[in-house]
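Structural characterization, general
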Amino acid sequence: MTSNAAPESLTNLTVRLASRPQGEPTVANFALDVEPVEEPGPDQVLLRTIYLSLDPYMRGRMSDAESYAVPVPVGGVMEGGTVCQVVASRSDMHEVGDIVLAHTGWQQYAVASDKAVRRIDPARGPISTALGVLGMPGFTAYAGLLVIGDPQPTETVVVAAAAGPVGSAVGQIAQIKGARAVGIAGGPEKVAYVKDELGFEVALDHRSPDFVDELAEATPEGIDVYFENVGGKVFEAVLPRMNEFGRIPVCGLVSQYNATGLPEGPNLAPALMNRILVRSLTVRGFIQREFVKAHYRQFQQDMGEWLSAGTVRYKEDVVQGLENAPEAFLGMLQGANFGKLVVQVGADPTKP
Ligand code: NDP
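Residues numbered from 1 in each chain as written. Predicted model: local features only at pLDDT ≥ 70, side-chain atom pairs only at ≥ 80, totals over all residues. Heavy atoms only, no water.

Attention now goes to helix α4 (residues 188-197). Those residues of α4 lying buried are K190, V191, Y193 and V194. Angular distribution of buried residues about the axis of α4 spans 160 degrees; they occupy a single face of the element. Turned more than 90 degrees away from the buried face of α4, the exposed residues are P188, E189 and D196. Looking at the buried positions of α4, the neighbouring elements they touch are β9 (180-185) and β10 (202-205). (Buried < 20%, exposed > 50% of the residue type's maximum accessible area, 1.4 Å probe, protein only. Helix = DSSP H or I, 4+ residues; strand = E, 2+ residues; numbered from the N terminus. Arc of directions from axis to C-beta. Contact = heavy atoms within 4.5 Å.)

So, about the environment of R284. Looking at the element boundaries, R284 is found in strand β13 (residues 282-285). Separated by 56 residues in sequence, R284 and E228 have C-alpha atoms that sit 9.9 Å apart. Beyond its immediate stretch of four places on either side in the chain, R284 contacts I148, I248, P249, V250, E290 and F291.

Here the focus is the packing of aromatic side chains. Counted under the stated rule, the structure contains twelve aromatic pairs. When the centroid spacing of 6.2 Å and the interplanar angle of 70 degrees are considered together, the rings of F227 and F286 count as edge-to-face. Of this pair, F227 sits in strand β11 (residues 223-227) while F286 sits in the loop between β13 and α8 (292-309), placing them 59 residues apart in sequence. The buried category is assigned to F227, whose relative accessible area is 0%. Ring-pair connections join several aromatic residues into one group, and the members of that group are F139, Y142, Y296, F299 and W306. Note that K315 overlies the ring of Y193, its terminal NZ or CZ placed 5.2 Å from the centroid. Over the ring of F338 we find K315, and its NZ or CZ is 4.6 Å from the ring centre. (Phe/Tyr/Trp six-rings, centres within 6.5 Å; stacked < 30°, edge-to-face > 60°. Lys NZ or Arg CZ within 6 Å of the ring centre and 35° of its normal.)

Before going further, it helps to examine the pairing of strand β5 (residues 99-102). Residue alternation in β5 divides its side chains into two sets, I99 and L101 and V100 and A102, and both sets are buried. In this structure, strand β4 (residues 82-89) lies alongside β5, joined through four bridges in antiparallel fashion. Residue pairing for β5: C84 is matched across the bridge by V100. Judged from the two bridges that link them, β5 and strand β7 (residues 118-119) form a sheet pairing that is antiparallel. Of the residues in β7, the one forming a bridge with L101 is R118. (Pairing = 2+ DSSP bridges.)

With that out of the way, let us pick up α8. Taking 1.5 Å of rise per residue, the 18 residues of α8 would be expected to cover 26 Å, and the 24 Å separating its terminal C-alpha atoms lies within 8% of that figure. Considered for burial, the residues of α8 that qualify are Y296, F299, Q300, D302, M303, G304 and W306. Elements in contact with the buried residues of α8: β7, α2 (136-149) and α3 (165-176). After α8 finishes, the residue G310 shows a positive phi value of roughly 80 degrees. (Expected span 1.5 Å × (residues − 1).)

Time to look at empty space enclosed by the protein. Take a probe with the size of a water molecule and roll it over the atoms, and the empty space left behind shows itself. All told, the structure shown has one cavity of 30 Å³ or more when counted by the stated rule. When its volume is computed, the largest cavity comes out at roughly 80 Å³. Surrounding the largest cavity, G132, V133, A163, G164, P165, S168, Y193, Y314, K315, E316, G339 and K340 form its lining. Considered class by class, the residues forming the lining of the largest cavity number five nonpolar, four polar and three charged. For the lining of the largest cavity, the domains that each give at least three residues are domain 1 (11-132 + 314-344) and domain 2 (137-292 + 300-305). (1 Å grid on protein atoms, 1.4 Å probe; cavity = no way out; pocket = protein on both sides within 12 Å on 5 of 7 lines; lining within 4 Å. Points joined across faces, edges and corners; volume = space filled by probe spheres on them. Nonpolar A, V, L, I, M, F, W, Y, C, P; charged D, E, K, R; others polar. Domains from an automatic or database assignment.)

Taken together, the six strands give an open sheet; going across it, the order is β10-β9-β8-β11-β12-β13, and neighbouring strands pair in parallel fashion. Pairing within the sheet leaves two strands with one partner each, and these edge strands are β10 and β13. Within this sheet the neighbouring strands show an average axis-to-axis angle of 15 degrees, counted without direction. As paired strands, strand β12 (residues 242-250) and β13 are joined by four bridges and run parallel to one another. Residue pairing in the sheet places I248 in a bridge with V283 of β13. Together, β8 (156-160), β11, β12 and β13 form the strand contacts of α2, whose direction differs from that of β11 by roughly 145 degrees. (Axes fitted to C-alpha atoms, helices over the stretch in contact; angles between N-to-C directions.)

This part is about the packing of α2 against α8. Close contact between α2 and α8 brings their axes to 10 Å; oriented N to C, the two are set at 110 degrees. As summarised for this structure, α2 and α8 are arranged roughly perpendicular, according to the angle between their axes. Residues G138, F139, Y142 and V147 of α2 form the contact with α8, whose own contacting residues are V292, H295, Y296, Q298, F299, D302 and W306. Residues of the contact of α2 with α8, tallied by class, amount to seven nonpolar, three polar and one charged. (Parallel < 35°, antiparallel > 145°, perpendicular 65-115°, else oblique.)

Across the eight residues of β4, eight count as buried, placing the element largely inside the fold. Sheet topology places strand β3 (residues 44-53) next to β4; seven bridges connect them, and they run antiparallel. The partner of L47 across the bridge, within β4, is V86.

Take a look at the structure:
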């Protein structure tokens, strides 16, 4: 293989958005396609995808409803973070063989600007963690919790999707800061993992018929920080238990991503506003990128140290083969993933 051109024999498997879902997406909303691999131009690299990250935000990109980011066009390659290997380079910044973090989406190969990718040091840990605990989800937890949640020793921090990459980091960082973490997850296996392996003080199952009572029992002193990942019934159970001056970093609302409209029933906005007023709550939405400039470097240092010391643990759910990405993604929206969901698209050269 030459260093600056794509071998002619390569083909590129892609997953494209075939149509916009109405409500819950299905595999029919995705289309697999095989096409020729492009040649890199000046200051560009050709990348081979090793791992593709699957994240809840991708449901938003499938929709053309108003959002903080532009949607994937119908017919476009699905968006996503990737860990790749440089297979051809016309750049002074990256050599063939380099492992890089990129945002090249659901495809086997992609041409990218050399400035749009960042080299990963495989000595820091498994390269897939650049998509999880050492990457965007870990940083989301770190910045959202520490900047907005600001947990204090002995305070109670509650987080749902607690077995996933964001929630698991939120609870563990909260405990490092001396707070008590209450994790909420779906099903006994995830609940046991959150309590026994991640070391949260309490773990609860949001599917339990007694969830509201169990949450009250687990938070006898009320809740000081609720890191909002899911919305819906969990939020409704948490809100009445928020303490005065409580903080709610609003990170995600995964229980509502497939909603096509507002739920039936009374308008709860006045009751919500009343609770925010009488308890002097801070409710602050955020998208992690707003904190990158000020906090990413410190995150990398802190998280690196916590991982080395074993004070933060993580779990990955690795699905083999790009063709299985749509099904794995749909499963994640229902809680079928157990840990950070990544697709292994190609061979990992750092593994024997
Ligand atoms: P996860 O891997 O944890 O996957 C989502 C999880 O949500 C599922 O596994 C499931 O866990 C839970 N879930 C799904 N439906 C429901 C429901 N109806 N009620 C309660 N829980 C449900 O995801 P991430 O850790 O990657 O992301 C967590 C949240 O953070 C998401 O809302 C995501 O959109 C958000 N996010 C926001 C960012 C930002 O910048 N604001 C950046 C990154 C993520 P279980 O089976 O345990 O219920």
